Amino acid sequence: MKAILETKDLVKYYGSGDNLVKAIDHTDIRVEPGEFVAVVGRSGSGKSTLLHMLGGLDRPDSGKVLVEGRDIFRLMDDRLAVFRRRKIGFIFQSYNLVPSLNVWENIVLPIGLDGRKVDREYVMDIVRKIGMSDRLHALPGTLSGGQQQRVAIARALASRPAIILADEPTGNLDSRTEIEVVSLLKHCVTEYGQTLVMITHDETIAQMADRMIVIEDGKVVRS
Amino acid sequence: MDTGKRKRIALAAGLFFLALLVGLFLTGRAVWQEYENTARQMAALTRQAPEEEAVFAGILTGKIVEDNEAAAKTGMELLEKYGYDLKDSFWGGALPGMAGGMALLLAAGLAACAGLAWHSMRLKREARERADYLEEKLKEETVRNQKMEAELRREEQETKSLITDISHQLKTPVASLKMSYEIEDSTELSAEETEEFRRKEREDVERLEHLLQAFTQMSKLETGMIRLKPEKAGVKSTLARAVAGAYAKAVDKNISIETEEFTDVAVVHDPGWTAEAIGNVLDNGVKYAPVGTCITIRVSELVSYVMIEVEDEGPGIPAEEQHRIFQRFYRGKAEAVRKEEGSGVGLYLTRRILEEQGGTVCVKNGRTGGSKFVITLPKE
Amino acid sequence: MKTVTKTALANARQNRTRNMISGAAIILTTLLIFMVLTVGYASVKVRFAAVNAYYPPYHAMFRQVSEEDAGKLKSHNDMEEVGLRSDLGEGVDDDSTILFLWMDAQALELNKIELAEGAFPKAGNEIALPEGLLAEYGITAGIGDTVTLPLQLYEDGGLGYQKEDTFRISGFLKGEIDEENKAYSVLVSRDCLEQSVLAKDREYRVMFRLQDVGENVATTDAIEERVREIGADFGVSEDNVVINTDYLMANYTDPAALFAVVCIILVVMAAGVLTIYSIHYVSMIPKVQEYGKLKAMGATRRQIRQIVFREGLLVTALSLPLGLLLGSILAGPVIRWIYRISGEGVQTNAAAMEMNRICMKLLEQRQVPVLYGWVYILTILTVLVTVYLSLVKPMRMAAKISPVEAMRYQGEIREKKKERKGFAEMSLVKLTRSNLSRNKKRSVLTIVTLGAVGILFMAVATVLSCADPEEIAKQEFEGDYEIAVDSWEGDKMNPDRAWVNLMQNNPLNGELLEQIRAVDGVEEVKVKTYLTGTLADLDPEREIASASIQGLDESYREIVENCQIEGAVTWEELGEGEKILVSEDMLRWFPELKLGDAVRMELETPEGTVERTFEIAAVGEYPSAVSGSNFLLPDSVLAKITGADLSDICVIRLEEGIGQTGRQEAYTNLENLAKTSVYLTTDSFEKHVETWETAVTVMTVLGYAFLLILGAVGVMNLINTMVNSIYTRRRELGIIQAIGMSEKQLVRMLQLEGLFYTAGTLLVALGIGSLAGYGIFLYAKAENMMNITVYHYPGIQAAVLAVAVAALQMILTCAVSRNFRRMSLTDRIRYGE
């Protein structure tokens, strides 16, 4: 079966000469549809860069990124953005939410940007799952870290993307909230049939994934 | 069409009609002014020379006309003498009104056209986008279907490999038994030797029994013969069942199982299977923990989940094996583990059961060097 | 210390863009303040210098002073400079008069007598005379030659016998001759004076300047008082005390004008201050974060302050001198240009023309300094104070909160809002709306700043639109051409100019009027009569106003009856002679006057002073085209008071559509008619229009130049706000793009924000600006400034403003967004801290 996410000989270097940093060094990755893949590595190993590439946020120096078999970097910037908002949901470590919008607005923002109407049933279902039904009008500034990440998860799910990319989503959370957020994420992804690629430096969290990819100095060490 | 759009269209239409009306009004007024001016001229001329009334009427209505170029030129010169030239002709009279009115009508018309053109372009674009979107969705659906097919095929494969694995695992104790029998048949054994062999055979049979039990469970689950029936029930009773199951073996090794006090929480789970799952974890702990140690169970309520922590004082699990232990048939590489009986299936089952119910399980290093298993179950 | 400086320098280099904008704003503000102050002050200075160059700079003169007293006065303590003059006699010919006089060195200076050639007469029969005199008498002679001139010495108040004396020419005098009057002055030596007149008979005119009188003369009263005192001390009769009012008046500065200039300066300073302040305010967020980091690293408050100041001062230290330099270079040419343009237009007033010419000469010869120390100091101080104030706020902010909070400072969101109703569906437009409502304070500040400039623009534009030179001229001047009697009162040196004298031999007599009517192209001729005197009860000394009455003919009936703003009186009632119409200015000068009051006048006629009392029946508001007098009456009433020919002004209207050539011809003919008498003066509609056109042009250019710079300052502000608002939202925008906003949508969002600012600014500028313009128009109308009476809406300027603002916004948005998009997405997200 076709892999939903693939990289072929991906390369991204920063700087030059003595300052050369090989963020991604000839990396090949393959993710099957519906998989939960944990990407593990130390700080500076290039995990974030890899995730950004997978999501089309940054262009590689060479190599390809194939999503559902399509080379995404052949798309023009605008089409790439459209692709991003329909296929991929992003969750970052922090500052996920737009401070001037309330919880509901943050969640439906990608849908709105796509010009589509909100499927209220579906979104409310997600909201209930993350346990924020009573705080739909709250502003992000009033939410705790865990709550903010829940909202971020809801946003990532609301537009029904095929792939969810999470960059250390639990990095700023305490261990209890961490377990909860990851459980939630895993459960939702399974239920809605999505693929999840999550970066984490915590190998405990990585356990919960179907598969673990270890990155060191821009290269895949274990898969 | 939502109200915002409707309002905007109403506004645009209103403006358009207003412009139209104003244009018409100006034009009409200009025409009327022109007529009135002519009338005034008539009156003024006639007042000066009443006897020429008919001539004036003829000139003003256009009946009497000086046709040639020269006449126009003479006229212009005369007018200029009195300071009236082209510029004045423009600004006087009804011309500005007319021009203004016409311009307004034209502008209104152009604006309407532009508006319609823009609107139709937008409609076209929207239609195109919708088409693109539907195409994408179709592709996704196809992928999903493919996945389901693959899933089915995988299950088929799994069942096949399951059978292979089970038969492989069973082979060893059966072979051992067979060998025992053959030796007994073919050789004269002393009473002690016979005793020894008997003991070994008993062990083998126990081992077979053990394996059979585990395999039965697992295959039932794997092949979908048993379905989990989640219901909302208190987690306390389930936990009690699990503890009860492992109690006997714990007492044997003088290991105490302590549960910290907690308020019961209702969780959506299949009590039987969940108890089984937790029981496997406890079994694991009892099996590998040294004599006289303690296994602690802690239950806490999170926002959407209930968290159950099971901590033992055993040897712990090395980091590189921590994510492997939940794999099917995996047995740890450490000496202590190798020594014990085990099918490598218990934790795999635990994970499958919990994840089917929307929960999770993972292992961390305990505070005193042992292992801490963290189980979550959804509250809703 | 060095670390502090190094940090400051490093900071400055890092925030290069921000500092450049800040620097540019400082340069512009400095330039503006400097220019306004310099131009204003220099203009004043130049005018004073020109006055001193044009008018004889003595304050007063005593006549008929004896030789002894003259000597005493010379050593009077209160006198700064004293000059003596003695007139010997006259030489009269058919149509020309020669005045023989002696002046001492100081008098020569005070009277501005200059030599064209040769030397002043020193001894014997040496004389210095104007060259034109020789031409008049048909004599050709050079320096050293002898000439014979008629001379009649003054004796007992009259002229003695005619003599013919020979004189030797020692030099030629510079200066224009009074061609019309054909009067020539000839300087003789002291010897000649002593020989011709006995000591006891000699009478001197003593001209002097008082000590301790500054350049700026607020009132002439103090001077007059002092002069009279001194005169009284030395037995000089009141009649013989002459105050050089021309000179004093020329030195007089109108407090209203001064007030206006001060206002402008304050406005400029406020604008500059506001901009520099808001630039620093807007970049406060990153600054507070910086200071937090510094504090966390262990910098003390004092060190932070030093770093802050050094960075701010560095920018100021570079831009302030640049601004001053620019201003210094531009000041001279700008002032010269202003005077040149003004000079080209002023044609109605010979004195003004001359003054202007002198101003230009002074400027060109650099005789008057244009750059003044105190202007520099004031400018520097203002700018420094502003920069200081704008740096203090963020520092104080950072001092109050802990270092960690400071580092995470995202703006003054004091969490007042916990919830938000929000929209059910999101879209780009709704996202933009929420962005704008987030930091309302800053949005409003930006709009207000730009809008303020817009309001000023509209106000100035309105005033300029309403100031139509033709309309204004029409308010000042009636008809096409005017021939009037050139009389003035209270001139002891020229008593023939008094109206009561001129009316006895009125040059504007019936014969002349006939000739005027006969000129080709003249359509209508109207005559206004005139009578003057004192307001016996209200102002017997004629200090404020006189009883000036303009007599109008029947054709003015409608105007007289319609111009009344208080009370009511008909033409017939006025014709009865008991009632009178008073101008509203009078009520301003004499607030105790009201309707129904009786005004007693002592009117001067050839038959003597006639006392008349009128009842104020109405108060009228009439433009100077109708009359400049304080009272109006039908001329029939004046005719009853005295039989003399009271014709004062002859208003001439040419035929409609006469054409340019016909017009010029008519003017020339009329002018020639007026030249027949010295006491007639002419004026034309065109001259007034031209003067006003120039005035309006100068005002327009200056006004718009001033506004342009203000606008530049506002634009700087806008740039800064926009750049900053996007820069601080880097991370947020990056994340929104990560979740699916395309670059095109980002640009559209930025454009929508820009549109909002545009709309807001235009609303403020056009809306409030139009209202403000109308308000100023009403004020100007009430205060009779520039004779503005008709309101014109500055439609074209409004359209230009709208287009300019819109275009500006679009360009800015494009530029800023292009700059922003150069940063890669991941960098935006990553470095959003």
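All values reported here derive from a predicted model rather than from experimental measurement.

Q: Looking at this structure, I do not really get the overall build of chain C. What am I missing?
A: When helices and strands are counted, chain C shows 29 helices and 21 strands. Expressed as a percentage of contacts within chain C between residues at least 6 apart in sequence, the contacts between residues at least 24 apart total 80%. Surface summary for chain C: the accessible area is close to 40000 Å², and the carbon and sulfur share equals 55%.

Q: What am I meant to see in the overall build of chain A here?
A: A count of helices and strands for chain A gives seven helices and ten strands. Taking all 223 residues of chain A together, 64% fall into the buried category. For chain A, contacts bridging at least 24 residues in sequence account for 71% of all contacts bridging at least 6.

Q: Explanation requested: the packing of aromatic side chains in the structure shown.
A: Given two aromatic rings, their pairing is described by the distance between the two centres and the angle made by the two planes. For the structure shown, the criterion picks out 15 aromatic pairs over all chains. Taking the centre distance of 5.9 Å and the plane angle of 40° together, the rings of F457(C) and Y704(C) count as tilted. Placement of F457(C) in helix α16 (residues 440-466) and of Y704(C) in helix α25 (residues 685-727) is noted, with a sequence separation of 247 residues between them. A residue is classified by how much of its surface remains accessible, and Y704(C), at 23% relative accessible area, is partly exposed. When the ring centre of F262(B) is taken as origin, the NZ or CZ atom of K236(B), which lies over that ring, is 5.1 Å away. The ring of W102(C) has R190(C) sitting right over it, with the charged end atom 4.7 Å from the ring centre.

Q: Sorry, what's going on with the packing of helix α4 (residues 120-130) of chain A against helix α5 (residues 145-158) of chain A here?
A: To characterise two packed helices, one gives the angle between the axes of the helices and the distance between these axes. All names here are of chain A. Between α4 and α5, whose axes approach to 10 Å, the crossing angle comes to 155°. With respect to α5, the axis of α4 lies roughly antiparallel. For α4 against α5, the interelement crossing comes out right-handed. Contacts from Y122, V123, I126 and I130 of α4 reach α5 at R150, V151, A154, L157 and A158. Its residues assigned to classes, the contact of α4 with α5 comprises eight nonpolar, no polar and one charged.

Q: I'm lost on the interface of chain C and chain A in this one. Help?
A: Much of the literature gives interface size as the accessible area that the parts lose upon coming together. Contacts between the two partners involve 36 residues from chain C and, on the opposite side, 34 residues from chain A. A buried area of about 3100 Å², summed over both sides, lies between chain C and chain A, and 59% of it is on carbon and sulfur atoms. Viewed at the interface, chain A and chain C are joined by zero salt bridges. At the junction of chain C and chain A, the tally comes to three residue pairs in polar contact (both at pLDDT 80 or more). Mapped by element, the contributors of at least two residues to the side of chain C that touches chain A are α15 (428-438), α26 (730-738), α27 (743-783) and α29 (825-830) of chain C. In terms of residue class, the side of chain C that touches chain A is built from twelve nonpolar, nine polar and 15 charged.

Q: Looking at this structure, how should I read the sheet that holds strand β6 (residues 360-365) of chain B?
A: Within a sheet, neighbouring strands are paired by backbone hydrogen bonds and run either parallel or antiparallel to one another. Residues and elements named next belong to chain B. Strand order in this open sheet of five strands is β2-β4-β5-β7-β6, and the pairing throughout is mixed. Since the sheet does not close on itself, it has two edges, and those belong to β2 (256-259) and β6, each with one partner. Each neighbouring strand pair of the sheet contributes to a mean axis angle of 20°, computed without reference to strand direction. In this structure, β2 lies alongside strand β4 (residues 294-301), joined through four bridges in parallel fashion.

Q: I keep staring at empty space enclosed by the protein and nothing clicks. Help me out?
A: All names here are of chain A. All told, the structure shown has four cavities of 30 Å³ or more when counted by the stated rule. Counted as a void, the second largest cavity has a volume near 50 Å³. At the level of secondary structure, the elements contributing two or more residues to the lining of the second largest cavity comprise β6 (88-91) and α5. Here the element with the most residues in the lining of the second largest cavity is β6; it accounts for three residues.

Q: Can you help me understand the sheet that holds strand β4 (residues 62-67) of chain A in this one?
A: Residue and element names in this part refer to chain A. Read across the sheet, four strands follow the order β2-β1-β4-β5 without closing on themselves; strand pairing throughout is antiparallel. Bordering the open sheet on either side are β2 (21-31) and β5 (70-71), each of which pairs with just one other strand. Pairing of strand β1 (residues 5-14) with β4, which is carried by five bridges, proceeds in the antiparallel orientation. Note that in β4 the partner of E6 across the bridge is L66. Strand contacts of helix α1 (residues 47-54): β1, β2 and β4, with the helix running at about 125° to β1, the strand carrying the most contacts.

Q: For this particular structure, what's the right way to read the environment of T190(A)?
A: Within the fold, T190(A) resides in helix α6 (residues 175-192). Taking the C-alpha atoms as reference, T190(A) lies 8.8 Å from F36(A); in sequence the two are 154 residues apart.

Q: I'm lost on a nonpolar patch on the surface in this one. Help?
A: Residue and element names in this part refer to chain B. Judged by side-chain polarity, L11, L15, L18 and V22 come together as a nonpolar surface patch covering roughly 380 Å² of accessible area. Its location among the elements puts V22 in helix α1 (residues 3-48). For V22, a relative accessible area of 35% gives the class partly exposed.

Q: Mind showing me how you'd approach the pairing of β6(A) here?
A: Every regular strand shows the same layout, with side chains that alternate between the two sheet faces. Residue and element names in this part refer to chain A. A two-sided burial pattern is seen for β6, the buried positions comprising I88 and F90 on one face and G89 and I91 on the other. Summarising the sheet, β6 and strand β7 (residues 163-167) pair through four bridges and their orientation is parallel. In the sheet register, G89 faces β7, and the bridge partner there is I164.

Q: Would you take a moment to explain the pairing of strand β3 (residues 97-103) of chain C for this structure?
A: All names here are of chain C. Taken across its seven residues, β3 has six buried, putting it largely inside the fold. Note that strand β2 (residues 79-92) and β3 share seven bridges and pair antiparallel. Bridging across to β3, E90 finds its partner in L99. Here five bridges tie β3 to strand β8 (residues 183-188), and the two strands are oriented parallel to one another. Bridge pairing in β8 places L101 opposite L187.

Q: Which parts of the structure should I look at to understand the pattern of salt bridges?
A: Residues and elements named next belong to chain C. In total, this model carries 51 salt bridges over all chains according to the counting rule given. A salt bridge links R557 to E572; the shortest N-O distance between them is 2.8 Å. Here the residue R557 occupies a position in helix α20 (residues 557-562), and E572 occupies one in helix α21 (residues 571-575), the gap between them amounting to 15 residues.

Q: I would appreciate a short explanation of the side chain of Q207(A) in the present structure.
A: Looking at the element boundaries, Q207(A) is found in helix α7 (residues 203-207). Owing to a relative accessible area of 2%, Q207(A) belongs among the buried residues under this scheme. Within the structure, the side chain of Q207(A) is placed 2.6 Å from the backbone oxygen of V363(B), a separation counted as a polar contact. Apart from the residues within four sequence positions on either side, Q207(A) is in contact with Q322(B), H323(B), F326(B), R351(B), C362(B) and V363(B).

Q: How do you make sense of helix α28 (residues 795-821) of chain C when you look at a structure like this?
A: Residue pairs spaced three or four apart in an α-helix point in one direction, given the helix's 3.6 residues per turn. A rise of 1.5 Å per residue sets the reference length of α28(C), with its 27 residues, at 39 Å; its end C-alpha atoms lie 39 Å apart and thus fit the reference within 8%. Among the residues of α28(C), those classed as buried are Q797(C), A798(C), L801(C), V805(C), Q809(C), L812(C), T813(C), V816(C), S817(C) and F820(C).

Q: What is the right way to look at the nonpolar core in this model?
A: As a rule of thumb, soluble globular proteins bury nonpolar side chains together. Of all hydrophobic cores here, the largest spans 100 residues; its most connected members are L5(A), L109(A), V123(A) and L165(A). Ranked by the residues each element gives to this core, the list is headed by α6(A), at eight residues. Ignoring any residue separated from it by four or fewer positions in sequence, one finds L5(A) in contact with I29(A), R30(A), V31(A), L54(A), L66(A), V67(A), I163(A), L165(A) and V197(A). V485(C), L531(C), L581(C) and A644(C) belong to the second-largest nonpolar core, a separate cluster that totals 65 residues.

Q: Just checking my understanding: could you explain the confidence of the model for chain C for this structure?
A: Interpretation of the predicted coordinates at a detailed level should be avoided for regions scoring low in pLDDT. Chain-level statistics for chain C give a pLDDT mean of 78 and a share of 86% at 70 or above. Interface confidence in the predicted complex, given as ipTM, is 0.80; pTM for the same model is 0.61.

Q: What is the right way to look at the packing of helix α8 (residues 271-288) of chain B against helix α10 (residues 346-356) of chain B in this model?
A: Residue and element names in this part refer to chain B. Packing of α8 against α10 brings their axes to within 9 Å, and their N-to-C directions diverge by 145°. Between α8 and α10 lies a crossing of left-handed hand. Of the residues in α10, those in contact with W273, T274, E276, A277, N280, V281 and N284 of α8 are G346, L347, L349, T350, I353 and L354. Taken together, the residues of the contact of α8 with α10 break down into seven nonpolar, five polar and one charged.

Q: Explanation requested: α6(A) in the structure shown.
A: Taking 1.5 Å per residue as the helical rise, α6(A) with its 18 residues ought to reach 26 Å, and the 26 Å between its terminal C-alpha atoms agrees with that figure. For α6(A), the N-terminal cap is D174(A); the gap from its side-chain oxygen to the backbone nitrogen of R176(A) is 3.2 Å.

What counts as what
Residues numbered from 1 in each chain as written. Chains lettered and ligands numbered in written order. Predicted model: local features only at pLDDT ≥ 70, side-chain atom pairs only at ≥ 80, totals over all residues. Heavy atoms only, no water. Helix = DSSP H or I, 4+ residues; strand = E, 2+ residues; numbered from the N terminus. Contact = heavy atoms within 4.5 Å. Areas by Shrake-Rupley, 256 points an atom, 1.4 Å probe, with all protein chains shown as cover. Buried < 20%, exposed > 50% of the residue type's maximum accessible area, 1.4 Å probe, protein only. Phe/Tyr/Trp six-rings, centres within 6.5 Å; stacked < 30°, edge-to-face > 60°. Lys NZ or Arg CZ within 6 Å of the ring centre and 35° of its normal. Axes fitted to C-alpha atoms, helices over the stretch in contact; angles between N-to-C directions. Parallel < 35°, antiparallel > 145°, perpendicular 65-115°, else oblique. Left-handed = near helix turned anticlockwise from the far one by under 90°. Nonpolar A, V, L, I, M, F, W, Y, C, P; charged D, E, K, R; others polar. Buried area = accessible area lost by both parts, 1.4 Å probe. Salt bridge = Lys/Arg side-chain N within 4 Å of Asp/Glu carboxyl O. Polar contact = N/O pair within 3.5 Å; in protein donor to acceptor, adjacent residues only side chain to side chain. Pairing = 2+ DSSP bridges. 1 Å grid on protein atoms, 1.4 Å probe; cavity = no way out; pocket = protein on both sides within 12 Å on 5 of 7 lines; lining within 4 Å. Points joined across faces, edges and corners; volume = space filled by probe spheres on them. Patch = residues over 30% accessible without salt bridge, like charges linked within 9 Å, V, L, I, M, F, W, Y side chains within 5 Å. Expected span 1.5 Å × (residues − 1). Core = buried A, V, L, I, M, F, W, Y, C linked by side-chain atoms within 4.5 Å. pLDDT = per-residue confidence, 0-100.

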